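Each chain, letter by letter, is given below.
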Amino acid sequence: MESMLNKLKSTVTKVTADVTSAVMGNPVTREFEVGRHIASGGPGLCWRIYNGTKKSTKQEVAVFVFDKKMVDKYQKFEKDQIIDSLKKGVQQLTRLRHPRLLTVQHPLEESRDCLAFCTEPVFASLLNVLGQWDNLPSPVPNDIKEYKLYDVETKYGLLQIAEGLSFLHSGVKMVHGNLCPENIILNKSGAWKIMGFDFSISSTNPSDSDPKYSCKEWEPNLPPLCLPNPEYLAPEYILSVSCDSASDMYSLGVVMHAVFNEGKPVFQVNKHDIFKSFSRQLDQLSSMNPSLLNKIPKEVREHVKMLLSVTPTVRPDADQMTKIPFFDDVGAVTLQYFDSLFQRDNLQKSQFYKGLPKVLPQLPKRVVVYRILPALMSEFVNLDMVPFVLPNVLLIAEECTKEEYVRLILPDLTPVFKQQEPIQASNMILLIFLQKMDLLLTKTPAEDIKNCVLPMVYRALEAPSVQIQELCLNIIPTFANLIDYPSMKNSLIPRIKSACLQTSSLAVRVNSLVCLGKILEYLDKWFVIDEILPFLQQIPSREPAVLMGILGIYKCTFSHKKLGIPKEHLATKSLPHLVSLSIDNNLNLNQFNSFMAVIREMLSRMENEHKTKLEQLHIMQEQHRSINISNPGSQSEETKSTPSSGSQIDDIFGSTGVNGKENGSVTTASQPNRVSLTLEEKQRLAKEQEQAAKLRNQQPLAPQSIKPAASTNAQTKDLTNSLLSNMTSLNSMSLTNTARPATVQGSTMSAFPSSSPMGSSMGAPLSNGFNSSMGFQTGGMAMGMRPTGPNLYGGMATTTSTPNFGSVTQNQGPMGQTHKAPDLSALDSLFTPSKGKVTLNQMGPMAAPGANSPWLSQFGSAQNAQTQMQGASAAMGGMQSGFGMQANPFFSPQNFSQPAAAGSMNQSGIKHSASANNDLKDLFG
């Protein structure tokens, strides 16, 4: 790596030193910056050619430098002759002005070390291109080494030289005297230019129609730079010391031979014996071998043979050569027309530019880019011609690389993007740019797109011309993927919406909707939902095409995998809008069917999504219930007293079961969802889980059935009668018409023991004919009711406000045994004091902790259960003791006065009181 850097440094230093030593002190350097060495040219390739720029205007130029060190080997008078000859050539060139002659930008300047002058930008000399690289930098630049002339370049180049000679011979009455490849320069655009007027001869009688030229005798002792190139001289120049315009035509014939023969002239000349060589050459020309011209194209071969004729009068003149069929090539004619554009009016130019797109594909890229493109760009200053020139420029841009486009085309194209005058031309320019928008967005840098290209698109959307708006809307989807998202979101979409709402043209409105539908895939989902879909409801017109466009946007958004419409939006906005549009009278049957198909599809997906959500929510709730072992006593007062709305609805529609369960099944009140738990709650929950696990692992205790003594019967009856006298009116409805199992002798209410240690939570669900979530608990706690479990008394306290409706059945426990608990219902008054009658307003729905709660499993023995029951009863002392049938208006009062119920009452020895009947009448009429 270091060696490469050192090599590069030495090369740069060497080049800089060469330039500095060559031009240092020359006045040219005051106005021009001298760049790198690019080529060589002039007599004997003695001029080094550098690229450069003018300091004041940054205009590109070529700097020709002759280093006087090249002639140090000659004596002083020979040096002076060489310098004088070179000076003469440059001075003559400076005085002459013609498109076919090299244009001098700065006259010759002399310093102690060099001669220098500046010209138009130059690529190389023709001899460099043909393979002679003398006085070139080392290594030879690749662009020269790899340069190959195309046929059209050769044809038009030779035509340009013929035109230049025609100018010299007819206009200036001058003979060039040294026309050869080193004196033909290819400029930066590829045009061939004549230079090297060191040996030019002016006419002695310029005013006469037949000019005379005086020729100098050949002096072989002069330095080569003081003599013309003998290989390109006409024979009469040496042999008869005479010349005229035909002598230059001979030189042109040799140049044409060299161009088609890799730079080789017709004959090699021995410069030490020039006269003998020319005598031999004269004989060969008199009887020319046809093989000598084999490589020259057939259509020009005969003309070259005439140019090489020994007799000067046989040679065609320059004007005649410009008209030969060989130069009628379409490419050559096109290039020739470009060179004469300044002579044409706008009508002729417009006709030419219209036909140019057919010719451009036939021309080599280098010719198009470096010859035709600059000429086209120069026409941008003529505003009326821009619409005719622009299509050709963009056609050329398609063949250019991005780097070439940015360097050669974009700088001149930028002002055209902003052109708005004249209006007619501006509209045509917009149309042309819109048709090539993909090209512009692909090759233009992002910053220029933002500053130049997109503003032009926005201007087209706001144009008064409907045609331009339609074209713009049709084209935008083709390059939407090339527009950056912020520009599309903040600038493009608002203008499309504005065009749709404000236009009076149905075509523009429909195309706006179609455009939006096509570019939806490049937009963000929420941008579409928040900006595009609400915009559809603002469209005022109701033409069928507009309605179908709106439907198309809904359908694209709904069905696109990246976008989609949420079910909430479908239900509240999209479907109502579409349904209202679907019944428009302007729609035909097929269009209506299209609307209904989309509406049905939306409804179906909304139903499926919401159903799936509810199913998943239900599963999650069930899973939550199965693992929720939190202490019901720790629940808030609000949770205990207020049942969920779902439970209320289940009670209302008990016959069908809204939650999907059969009528009569026992459900558990849903526990509140806990989003986050505190550390203390998590610790308590962990302890409860651990305690529950221990209890589950214990063996269940078998309940023992104890027969009450006969002596207690009377006492029980007395206590019951005393309690019944203080009960509320609902106590008379504690029995239903459902048949009960056989009661235990001596008890007021039948006991229903269960062998399951956890009550109904560990066995089959309890069934009492009502939904448990409405407060009719069977063995629940904290509601003034006693739990049913092993070694506990069954039945219900006579002071509770919740009677036991229907028969209560339980499955046998895991031990397969059924035990009857002792009837201790007479002691109920010890646990719960009698309450006064409550009104309907005081009976609000209260949440039951659930009969299946694992919490019940903590009460394993009768003693423990009794202790816990006392605490629960005491805790409920300050509350209204539950709610009964008075709190449920969906039950009829006649259910409570069936004869079966009376029979049950009579069996227990309980009589209806007059107060209870009166209360029923007050309550139910």
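Just so we're clear, the structure is a prediction, and the values are computed from it rather than from any experiment.

J.: What should I look at first to understand the overall build of the protein chain in this one?
T.: Tallying secondary structure elements over the protein chain gives 34 helices and 10 strands in all. Within the protein chain, buried positions represent 48% of all 925 residues. Excluding contacts between residues fewer than 6 apart, the proportion of contacts in the protein chain whose partners are at least 24 apart in sequence is 70%. Carbon and sulfur atoms make up 52% of the accessible area of the protein chain, which amounts to about 45,400 Å² in all.

J.: Where do I start with a nonpolar patch on the surface in this structure?
T.: Together, Ile583, Leu589 and Phe592 give the surface a local cluster of nonpolar side chains, amounting to about 320 Å² of exposed area. Summarising the element assignment, isoleucine 583 is placed in the loop between helix 25 (567–582) and helix 26 (589–627). Under the relative-accessibility criterion, isoleucine 583 is labelled exposed at 61%.

J.: I would appreciate a short explanation of the environment of alanine 39 in the present structure.
T.: Along the chain, the position of alanine 39 falls in strand 1 (residues 32–41). By relative accessible area, which is 0% here, alanine 39 ends up buried. Along the primary structure alanine 39 and alanine 62 are separated by 23 residues, whereas in three dimensions their C-alpha atoms are 9.9 Å apart. Excluding residues that lie within four positions of it along the chain, alanine 39 makes contacts with Trp47, Arg48, Ile49, Phe123, Ala124, Asn128, Asn135, Leu136 and Ile144.

J.: Would you take a moment to explain the pairing of strand 5 (residues 114–119) for this structure?
T.: Remark: a regular strand shows side chains that alternate across the two faces of the sheet. Of all 6 residues in strand 5, 6 are buried; the element is thus mostly enclosed. Both faces of strand 5 are covered, namely the face carrying Cys114, Ala116 and Cys118 and the face carrying Leu115, Phe117 and Thr119. Here 6 bridges tie strand 3 (residues 60–67) to strand 5, and the two strands are oriented antiparallel to one another. In the sheet register, alanine 62 faces strand 5, and the bridge partner there is threonine 119. Here strand 4 (residues 104–110) folds back onto strand 5 in antiparallel fashion, the turn holding 3 residues.

J.: Quick question: what am I supposed to make of the pattern of salt bridges here?
T.: Two side chains carrying opposite charge are able to pair once their charged atoms lie near each other. Counted according to the given criterion, the structure contains 24 salt bridges. Across the pair arginine 366 and glutamate 153 runs a salt bridge, and its minimum N-O distance is 2.4 Å. Remark: glutamate 153 occurs in helix 6 (residues 151–172) and arginine 366 occurs in helix 14 (residues 365–377); sequence separation between them is 213 residues. Taking the shortest distance from any N to any O, the salt bridge between glutamate 568 and lysine 567 comes out at 3.2 Å. Judged by its relative accessible area of 45%, glutamate 568 falls in the partly exposed class. What you see here is one network of salt bridges that share partners, running through Arg100, Glu163, Asp339 and Arg371.

J.: Please clarify how helix 12 (residues 330–339) should be interpreted in this entry.
T.: In an α-helix there are 3.6 residues to a turn, and that puts residues three or four apart on one side. Among all positions of helix 12, only Gly331, Ala332, Thr334, Leu335, Tyr337 and Phe338 are buried. Those residues of helix 12 that are buried lie in contact with helix 6, helix 13 (346–359) and helix 14. Capping of helix 12 at its N-terminal end is provided by aspartate 329; its side-chain oxygen lies 2.9 Å from the backbone amide nitrogen of glycine 331.

J.: What's the story with the sheet that holds strand 5 in this structure? I'm lost.
T.: Strands in a sheet are paired, the pairing made by backbone hydrogen bonds, and the direction either parallel or antiparallel. Pairing is antiparallel across the open sheet formed by 5 strands, whose spatial order is 1-2-3-5-4. Among the strands making up the open sheet, the edge pair consists of strand 1 and strand 4. Going from strand to strand, the sheet's axes swing by 25° on average, the running direction of each strand aside. In this structure, strand 1 lies alongside strand 2 (residues 47–54), joined through 7 bridges in antiparallel fashion. Within strand 2, the residue paired with serine 40 across the bridge is arginine 48. Sheet strands touched by helix 3 (residues 76–95): strand 2, strand 3, strand 4 and strand 5. Its angle to strand 4, the strand with the most contacts, is close to 155°.

J.: For this particular structure, what's the right way to read the sheet that holds strand 8 (residues 184–187)?
T.: Read from one edge to the other, the open sheet built from 3 strands follows the order 6-8-9, with strand pairing classed as antiparallel. In this open sheet, the two strands that pair with only one neighbour each are strand 6 (122–125) and strand 9 (192–194). Geometrically, the sheet is characterised by an average inter-axis angle of 35° between neighbouring strands, direction not taken into account. In this sheet, strand 9 lies alongside strand 8 in antiparallel orientation, the contact comprising 3 bridges. Looking at strand 9, one finds that isoleucine 184 is bridged to isoleucine 194. Packed onto the sheet, helix 6 meets strand 8 and strand 9 and runs at close to 25° relative to strand 9.

J.: What's the story with the side chain of glutamine 160 in this structure? I'm lost.
T.: Along the chain, glutamine 160 falls in helix 6. Classification of glutamine 160 by relative accessible area gives buried; the value is 1%. Beyond its immediate stretch of four places on either side in the chain, glutamine 160 contacts Arg100, Ala191, Trp192, Asp339 and Arg371.

J.: Just to check I follow, could you spell out helix 8 (residues 245–259) for this structure?
T.: Taking 1.5 Å of rise per residue, the 15 residues of helix 8 would be expected to cover 21 Å, and the 21 Å separating its terminal C-alpha atoms lies within 8% of that figure. The N-terminus of helix 8 is capped by aspartate 244, whose side-chain oxygen sits 3.0 Å from the backbone nitrogen of alanine 246.

J.: How do you make sense of the packing of aromatic side chains when you look at a structure like this?
T.: Under the criterion given, the structure shown has 9 aromatic pairs. Geometrically, the ring pair formed by phenylalanine 326 and phenylalanine 327 is edge-to-face, given 5.3 Å between the ring centres and 65° between the ring planes. When the centroid spacing of 5.1 Å and the interplanar angle of 80° are considered together, the rings of phenylalanine 338 and phenylalanine 352 count as edge-to-face. Taken together, the residues phenylalanine 338 in helix 12 and phenylalanine 352 in helix 13 connect sequence positions 14 residues apart. Residue classification places phenylalanine 338 among the buried residues on the basis of a relative accessible area of 7%. Connected via pairs of aromatic rings, a cluster forms that spans Trp47, Phe64, Phe66 and Phe117. The ring of tyrosine 147 has arginine 366 sitting right over it, with the charged end atom 3.9 Å from the ring centre.

J.: In this structure, what is going on with unusual backbone geometry? I would like to understand it.
T.: Outside of glycine, negative phi angles account for most residues, and trans bonds account for most peptide bonds. Between serine 138 and proline 139 the backbone carries a cis peptide bond, its omega angle lying at 0°. Along the chain, proline 139 turns up in the loop between helix 4 (126–129) and helix 5 (142–145). At lysine 58, a residue that is not glycine, the phi angle is positive and equals roughly 60°. In this structure, lysine 58 sits in the loop between strand 2 and strand 3. Notably, glutamate 262 is not glycine yet its phi reads approximately 60°, a positive angle. On the secondary structure map, glutamate 262 appears in the loop between helix 8 and helix 9 (274–286). Judged by its relative accessible area of 58%, glutamate 262 falls in the exposed class.

J.: Quick question: what am I supposed to make of the packing of helix 24 (residues 544–559) against helix 25 here?
T.: When two helices pack together, their arrangement is given by the angle between the helix axes and by the axis-to-axis distance. The contact between helix 24 and helix 25 brings their axes to 11 Å, and the two run at 150°. What the angle tells us is that helix 24 and helix 25 run roughly antiparallel. Relative to helix 25, helix 24 is oriented so that their crossing is left-handed. Touching Leu547, Ile550, Leu551, Tyr554 and Phe558 of helix 24 are Leu570, Ser574, His577, Leu578 and Leu581, all from helix 25. For the contact of helix 24 with helix 25, the per-class residue count stands at 8 nonpolar, 2 polar and no charged.

J.: Is there a simple way to explain the confidence of the model for the protein chain in this structure?
T.: For any part of a model where pLDDT is low, the fine detail of the predicted coordinates should not be relied upon. Across the protein chain, pLDDT averages 74, with 68% of residues at or above 70. In this model, residues 728–822 is a region of pLDDT below 50 whose contacts with residues beyond four sequence positions or in other chains number 243 contacts. Counting interchain partners and residues more than four positions distant, the pLDDT-below-50 stretch residues 824–916 has 151 contacts.

Procedures and definitions
Each chain carries its own residue numbering, running from 1 in the written order of its sequence. Predicted model: local features are reported for residues with pLDDT of at least 70 only, side-chain atom pairs are reported and counted for 80 or more only, and whole-chain, interface and lining totals are derived from all residues. Derived side-chain values reflect all non-hydrogen atoms in the structure, with water molecules and hydrogen atoms excluded from consideration. Only runs of H or I of at least four residues qualify as helices and only runs of E of at least two qualify as strands under DSSP, and these elements are numbered from the N terminus. Each residue is placed in one exposure class: buried if its accessible area under a 1.4 Å probe, protein chains only, is under 20% of its type's maximum, exposed if it is over 50%, and partly exposed if it falls in between. Any two residues whose heavy atoms approach within 4.5 Å are treated as being in contact. The accessible surface values rely on the Shrake-Rupley method and a 1.4 Å probe; as for residues, cover is taken only from the protein chains in view. Residues qualify for a patch when their relative accessible area is over 30% and they have no salt bridge, like charges being joined within 9 Å and the nonpolar side chains of Val, Leu, Ile, Met, Phe, Trp and Tyr within 5 Å. Here a salt bridge means any side-chain nitrogen of Lys or Arg lying within 4 Å of a carboxyl oxygen belonging to Asp or Glu. Each pair of strands is called paired provided DSSP finds at least two bridges between the two strands. In protein, a polar contact means a hydrogen-donor-capable atom and an acceptor-capable atom, both N or O and within 3.5 Å, with residues adjacent in sequence counting only if both atoms are side-chain atoms; elsewhere, any N or O pair within 3.5 Å suffices. Lines fitted to C-alpha atoms define the axes, with helix axes restricted to the stretch in contact, and inter-axis angles between N-to-C directions lie between 0 and 180 degrees. To estimate the expected span of a helix, count its residues, drop one, and scale the result by 1.5 Å. Note on ring pairs: Phe, Tyr and Trp rings are taken, using the six-membered ring of Trp, and paired if centres are within 6.5 Å. Classes follow the plane angle, with under 30 degrees stacked, over 60 edge-to-face and the rest tilted. As a reminder, the over-ring test applies to NZ of lysine and CZ of arginine, requiring each to be within 6 Å of the ring centre and within 35 degrees of the ring normal. If an angle is under 35 degrees, it is roughly parallel; if it is over 145, roughly antiparallel; if it lies from 65 to 115, roughly perpendicular; otherwise it is oblique. Crossing handedness is read from the near helix: turned anticlockwise from the far helix by less than a right angle, it gives a left-handed crossing, and turned clockwise, a right-handed one. Residue classes follow a fixed rule: Ala, Val, Leu, Ile, Met, Phe, Trp, Tyr, Cys and Pro count as nonpolar, while Asp, Glu, Lys and Arg count as charged, and any other residue, Gly among them, counts as polar. pLDDT measures the predictor's confidence residue by residue and takes values from 0 up to 100.

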